[in-house]
Amino acid sequence: MSLNDKLKDLRTSGIDDAKRAERIQELNDLRVNLLGKKGPITKALRGMKDVPVDERPEMGTLANNVKKDIQAAIEEKMEELNRKIVAKKLEEETIDVTLPAQPKKYGTRHILNQTIEDIEEFFIGLGYRVDAGHEVEEDHYNFERLNIPQNHPARDMQDTFYLTDQLLMRTQTSAQEGRDMESHDFSKGPLKVISPGVVYRRDDDDATHSHQFHQIEGLVVDKNVSMADLKGTLEALCRHVFGAEREIRFRPSYFPFTEPSVEVDVSCFNCGGKGCRICKYTGWIEVLGAGLSHPNVLEMSGIDSTVYSGIAFGLGPERFAMLKYGVNDIRDFYSNDVRFLEQFKGVN
Amino acid sequence: MKISVNWLKEYIPVTHTVEEMANKISLTGIESSPVHNAEGLDKLVVGHITSISQHPDSDHLNITTVDVGEDDDIQIVCGAPNVANDQYVIVALHGAHLPEGKRIKKGKIRGQESNGMICGLDEIGVPTKYVPEAYHKGIYVFPEVVTPGTDALVALGLSDDMVDMDITPNRADTLGMRGAAWEIGATYDEKPKYTAPVIDEAKIVDSNDLAVDIENKELVPDFLVRTLKNVTVGESPLWMQRRLWNQNIQPVNNVIDAANYVMIEFGQPIQAYDLDKLQEKRITVRNAKSGEKFSTELNNQDDDENTNTILNKNDLVVAAGEQILGLAGVAGGISARVTNETKNVVLESAVYDGAAVRKAAQRHDLRGDASNRFEKGVDNGAVSDALVRATQLVDENAHASEISDELVGVGTEAKPTVIKSKISHINHLMGLDLTAEKIMSIFDRLGFTAELDNDDVTVTIPTRRWDMSIEADLVEEVIRIYGYENLKGTLPTGMETAGGYSPKREFSNKLRNILLGQGMNEVINFSLMNKKESEDFNVIDTNYTKLLHPMTEDHEYLRTSLIPGLVNNVAYNQARNNNDISIFEQARIFDRPDGVDRPNEIEYIAGAISGNIALDSWNTQSKQVDFYDVKGIVEELLSFTNIDANFEYRATNKISNLHPGQTAEIIADGQSIGFIGKLHPDYQKEHSIDETFVFELNVDTLFGMEKRNVQAKTAPKYPSISRDLAILVNKDIESGAIVKDIFDNGGKYLIDVNIFDVYQGVNIKANHKSLGYHLVFQNPEDTLTDDTVEKAFDVVKDSLVQKFNVEIR
């Protein structure tokens, strides 16, 4: 057999062997056996001396090509086997993704605090400071400074837990108004503050009353604030909390520390104002009270009421949360059943 | 007060439904709701009894024939004891609907045909307490001729539509029909028309039957009386009775009814006395003597008995010498009460100090229509007119022979309030730009007199609007009548301000986020707790703060720790099978120093974990919470405080209700900042809860501590070398002490020590434990050699042997 034929035979059988291989090891063996220094191709090339000189380059090229072809066949097969191995491994590693996870729980913030913080952040965005105030307060700040002197009929509206004659559990976060007004330096700009926190009333606890609940008081005092500013501010708040489509309306009311005073209704977020059970078929839901700071309140803090005016508003996070999430019993907020708490995960 | 549309029509035209009116009045001034009366009732007519005979088979039933305005009279069997011939009565015809779904059908009563029912007022929906006494047991008899067949509900005023105005305390001016008409009139731009009350001049005499002598002008600014002689006390005309029971007032007689009627009409309470029952013919208003007794028919117990009230010296009484006629402004007494036998009458129209009335009414639980009005104020410009009106009505209905002049015990001139303002300032406060003309027209609508001088406006307010005193009041009147719906919202302009939380609140928020990140749910508990709870965890050893007048024993003391609330939450949840609980609260506790009343409010953050922290699942085993789980949370929390201090956990058995062997006080730079521990088994049992671990940290203290000043270091480039150390040591030696000693002796390249094994028991010497530590050495500047590490390791081992007598294993 000529060298030429020998090489071609080796190519044919080499490629066939590579194709037939089933394991990586076979291919590695094939490579060593066929293409190694002791392999048949190397051996065959030793017969080159019998080849005429002028044919030798051609034969050399052929031998190299045979090597390359076999090499290529081995590599191709190698890849194929590797793919199979990976595929098999992937197959073996397949899991049931519907099995339950390892819980990695983030705790749930209390819904009242979520509600409060949502409102706080809204007002921070409008340039308001957040000032929490005192839960134990002087009668002076809780009542007198809010234009509610002793024997004022408005004291009937809120029964008070007293600690001493002069000390009480604050009944309203408005109690912070006097402190904020008297300590503010108006040369540094307007007073813009909200006071969130816990307040107390001498009430029996039932589905709609709690002796402890929360309020957020808002106050702006400047040379140029008006009833229109109050309306715009509360409109923006109600849209933030209850939805962009909401309208608000003012109804005259009475608070000793504001004049004029208004109750604020928001158009029903459930029915859009058409009338439903939630809005008692009026299309409107009462959400907060507000007004222009009473001149007496400004003057008692040393603010000239002929130059400055104030807008003030107070809202109840419990009421907001009850409306927004359909909570029917205020006691649910304070019994802290984790099933109740956890349903508000991530709502704000 | 409920405003009857029929009555209102006497003053202003009314063209709207009560629904529309209530809505408009609510948006303009006073929260109102529509009231439809006698809904669902029908076939009730006025009947005239034309004959009556005894029922043959009954000793208490009568057979009547009644003219009900139809061709033929109808026969009705009636069991009422007061039925009689020629009465005008309420008849429920066949098919009539009565309250509570009751229906009248013709039928036979003991064999006698009965084609309807003759009714009492209570049977057609008037609560018994407002039915005139005479008709409590039996049918109602009209006091005058009414055409048979007339709709009885209309004749009785029971189907009157009304608007119920729920006033705020400042708008008591609408607690009378005339004031309400002004308000509703202003809403609809209609000026009310009133007829001035008059007394028959011919009957007026100069009287000196009675002296009136009032000294305390502060508490009684006005006190006017008139006397009427030889009156005939009897039933009031129907028109007056129906207006009274529609106001939830029981008609009594034509003197007392007139007094009550004027209160509704003018908002001015009027008292009536029997002149002849006065023990002295001299009326005074004085303070009661302590222990003096007073009887009144006004009481809030809804029973028929007179209440005997014991007075005290703060009570103001109307008296004739020793005899108490009434508790001033609160309740009339029975000692000089006007009855059917009364001949000579005294009518009183007075103003009493609101606060005094309010306190007296509260003190004796005698709040009523009169005290409600005096508390909130009455129009002192109408005191005299109201007395004239009451006198006129008594005279018209009870026919006096003589009427006295007004006897003035004390009088205070009623001065209209004058408010000066500027049109521009009113607009400025509203955020509007109304013309002076528009604003002036609103003042006119309200019946205010206003004078304009360029921008200046001077407004004279009639005395009926005593709520008005300052410019802001004018602003409110203008804007509400103009309509809040016409006000366009704007945001405050002015200097920009940087809003935000206080640094303290930022710090609190950060701590809370760590605990949320540890999977703990946030709770909110009450600050007020019972005595036992407050004592259970007074860890800070402070004085208790107690409410003066708690509502219940459950909420009597201000909390000095958040733990009792958390324990309640664990108990509440575990009782409902929510067994695995991990909760925290961030709130204030109340720390009251010796000798002061006001407690300091200190923010704390506290947590409670009970049950499993990992659950049994298809690939994991459950794990119950232990001390070290909670310690891990606390350590992570503290590391986020960024405080530049070492936190030390010092075992303590001093906190009652915590496990004496599983509790640590946490110390930072010598200062106690809180604790962590397991609840005492007895305490857990008391609350029926599983093993529970708690912690509590003082946020204010942590906030006040010095924070780390972080200067960046490059992450080390050189490899670290580690050594493991296993020792045998007496079981009472704390690992903390050993770790500290390792660090003290490990040299500058020792960067970390971890404990990887704690073992006690089989194969270990009695009273000893085996501990395994992993020490990590690293030189940030260079590659460490084994030699260097070995030397440092030897020093560590030698020191442990010397100090703790450990055995190196």
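Calculation rules
Residues numbered from 1 in each chain as written. Chains lettered and ligands numbered in written order. Predicted model: local features only at pLDDT ≥ 70, side-chain atom pairs only at ≥ 80, totals over all residues. Heavy atoms only, no water. Pairing = 2+ DSSP bridges. Helix = DSSP H or I, 4+ residues; strand = E, 2+ residues; numbered from the N terminus. Axes fitted to C-alpha atoms, helices over the stretch in contact; angles between N-to-C directions. Phe/Tyr/Trp six-rings, centres within 6.5 Å; stacked < 30°, edge-to-face > 60°. Buried < 20%, exposed > 50% of the residue type's maximum accessible area, 1.4 Å probe, protein only. Lys NZ or Arg CZ within 6 Å of the ring centre and 35° of its normal. Contact = heavy atoms within 4.5 Å. Parallel < 35°, antiparallel > 145°, perpendicular 65-115°, else oblique. Left-handed = near helix turned anticlockwise from the far one by under 90°. pLDDT = per-residue confidence, 0-100. Buried area = accessible area lost by both parts, 1.4 Å probe. Salt bridge = Lys/Arg side-chain N within 4 Å of Asp/Glu carboxyl O. Polar contact = N/O pair within 3.5 Å; in protein donor to acceptor, adjacent residues only side chain to side chain. Nonpolar A, V, L, I, M, F, W, Y, C, P; charged D, E, K, R; others polar.

Here we come to the sheet that holds strand β5 (residues 74-78) of chain B. Residue and element names in this part refer to chain B. Taking strand neighbours across the sheet as the criterion, the five strands line up as β5-β4-β3-β6-β9 in an open arrangement whose pairing is antiparallel. What marks the edges here is a single partner per strand, and that holds for β5 and β9 (116-119). When strand polarity is set aside, the average angle formed by the axes of neighbouring strands in this sheet is 50°. The pairing of strand β6 (residues 88-97) with β9 spans four bridges and is classified as antiparallel. Bridge pairing in β9 links A92 to M117.

The next subject is the packing of aromatic side chains. Aromatic rings considered in pairs are described by the distance between their centres and by the relative angle of their planes. Residues and elements named next belong to chain A. A full pass over the atoms with the stated rule returns 24 aromatic pairs over all chains. Here the aromatic rings of F255 and F257 are separated by 6.3 Å at their centres, their planes lie at 35°, and the arrangement is tilted. What makes F257 buried here is its relative accessible area of 10%. In this structure an aromatic cluster arises from ring pairing among F122, F123, Y128 and F313. The ring of Y141 is capped by R179, whose NZ or CZ atom sits 4.0 Å from the centre of that ring.

Okay, helix α2 (residues 18-28) of chain B next. All of the buried residues along α2 of chain B are V18, M21, A22, I25, S26 and T28 of chain B. If you follow the buried residues of α2 of chain B, they end up packed against β6 (248-255) of chain A together with α1 (5-8), β2 (32-35), β10 (162-165), α4 (177-188) and α12 (471-482) of chain B.

Residue and element names in this part refer to chain A. At their nearest, the axes of helix α5 (residues 111-125) and helix α8 (residues 227-242) sit 11 Å apart, and the two run at 135° to each other. Regarding the angle of α5 to α8, the classification is oblique. In this structure, the crossing between α5 and α8 has a hand that is right-handed. On the side of α5, the interface is formed by D118, I119, F122 and F123, while α8 contributes T233, A236, L237, H240 and V241.

For chain B, the mean per-residue pLDDT works out to 94, and 99% of the residues sit at or above 70. Scored below 50 in pLDDT, residues 299-304 of chain B makes nine contacts in the model with residues more than four places away or belonging to other chains.

Next up on the list: unusual backbone geometry. Of note, the bond from E259 of chain A into P260 of chain A is cis; its omega dihedral lies within 30 degrees of zero at -5°. Mapped onto the elements, P260 of chain A comes out in strand β7 (residues 258-267). One non-glycine residue, D669 of chain B, adopts positive backbone phi at about 50°. Residue position: D669 of chain B is located in the loop between β35 (658-668) and β36 (671-679). For D669 of chain B, a relative accessible area of 57% corresponds to the exposed category.

A word on the interface of chain B and chain A. Of the residues lining the interface, 86 residues belong to chain B; the matching set on chain A comes to 93 residues. Contact between chain B and chain A buries roughly 7400 Å² in total, counting both sides, with carbon and sulfur atoms accounting for 55%. At the boundary of chain B with chain A, the tally comes to eight salt bridges. One salt bridge in this structure joins R109 of chain A and E522 of chain B, with 3.2 Å as the shortest N-O distance. Seen at the junction of chain B and chain A, the total is 41 residue pairs in polar contact (both at pLDDT 80 or more). Elements with a minimum of two residues in the side of chain B that touches chain A: α2, α7 (354-363), α10 (423-430), α12, α13 (503-517), β27 (521-522), α15 (563-574) and β30 (581-591) of chain B. In terms of residue class, the side of chain B that touches chain A is made up of 33 nonpolar, 34 polar and 19 charged.

Residues and elements named next belong to chain B. Note that Y130 resides in the loop between β9 and α3 (152-155). Residue Y130 is classed as buried on the basis of its relative accessible area of 14%. For the pair Y130 and Q241, spaced 111 residues apart in sequence, the C-alpha separation works out to 10.0 Å.

Further remarks concern the pairing of strand β4 (residues 62-67) of chain B. Residue and element names in this part refer to chain B. Here six bridges tie strand β3 (residues 42-54) to β4, and the two strands are oriented antiparallel to one another. Bridging across to β4, I52 finds its partner in T64. Where β4 lies against β5, five bridges are found, and the strand directions are antiparallel. Bridge pairing in β5 links I63 to V77. Hairpin geometry of β4 and β5 is characterised by an intervening segment of six residues between the two adjacent antiparallel strands and by a positive phi of about 85° at G69.

Turning next to the pattern of salt bridges. Counted under the stated rule, the structure contains 69 salt bridges over all chains. A salt bridge links E92 of chain A to K88 of chain A; its shortest N-O distance comes to 3.7 Å. With a gap of four residues between them, E92 of chain A and K88 of chain A both fall in helix α4 (residues 56-93), about one helical turn apart. Of the two residues, E92 of chain A and K88 of chain A, both sit in the exposed class. Linking R171 of chain B and D173 of chain B is a salt bridge whose minimum nitrogen-to-oxygen distance equals 2.9 Å.

All names here are of chain B. Across the sheet, which stays open at both edges, the seven strands sit in the order β27-β30-β31-β37-β36-β35-β34 with mixed pairing between neighbours. Every interior strand has two partners, whereas the edge strands, β27 and β34 (647-651), have only one. Against the sheet, α13 contacts β27, β30, β31 (600-610) and β37 (692-698), and its axis sits at roughly 155° relative to β30.

With respect to the secondary-structure elements, V221 of chain A resides in strand β5 (residues 212-222). When the C-alpha positions of V221 of chain A and D180 of chain A are compared, they lie 10 Å apart, and in sequence the two are 41 residues distant.

Before going further, it helps to spend a moment on the side chain of S261 of chain A. Relative to the assigned elements, S261 of chain A resides in strand β7. A polar side-chain atom of S261 of chain A sits 3.1 Å from the main-chain amide nitrogen of F255 of chain A. Separated by 2.7 Å, the side chains of S261 of chain A and T258 of chain A make a polar contact. Excluding anything up to four places from it in sequence, S261 of chain A contacts R251, P252, S253, Y254, F255, A290 and G291 of chain A together with E476 and Y484 of chain B.

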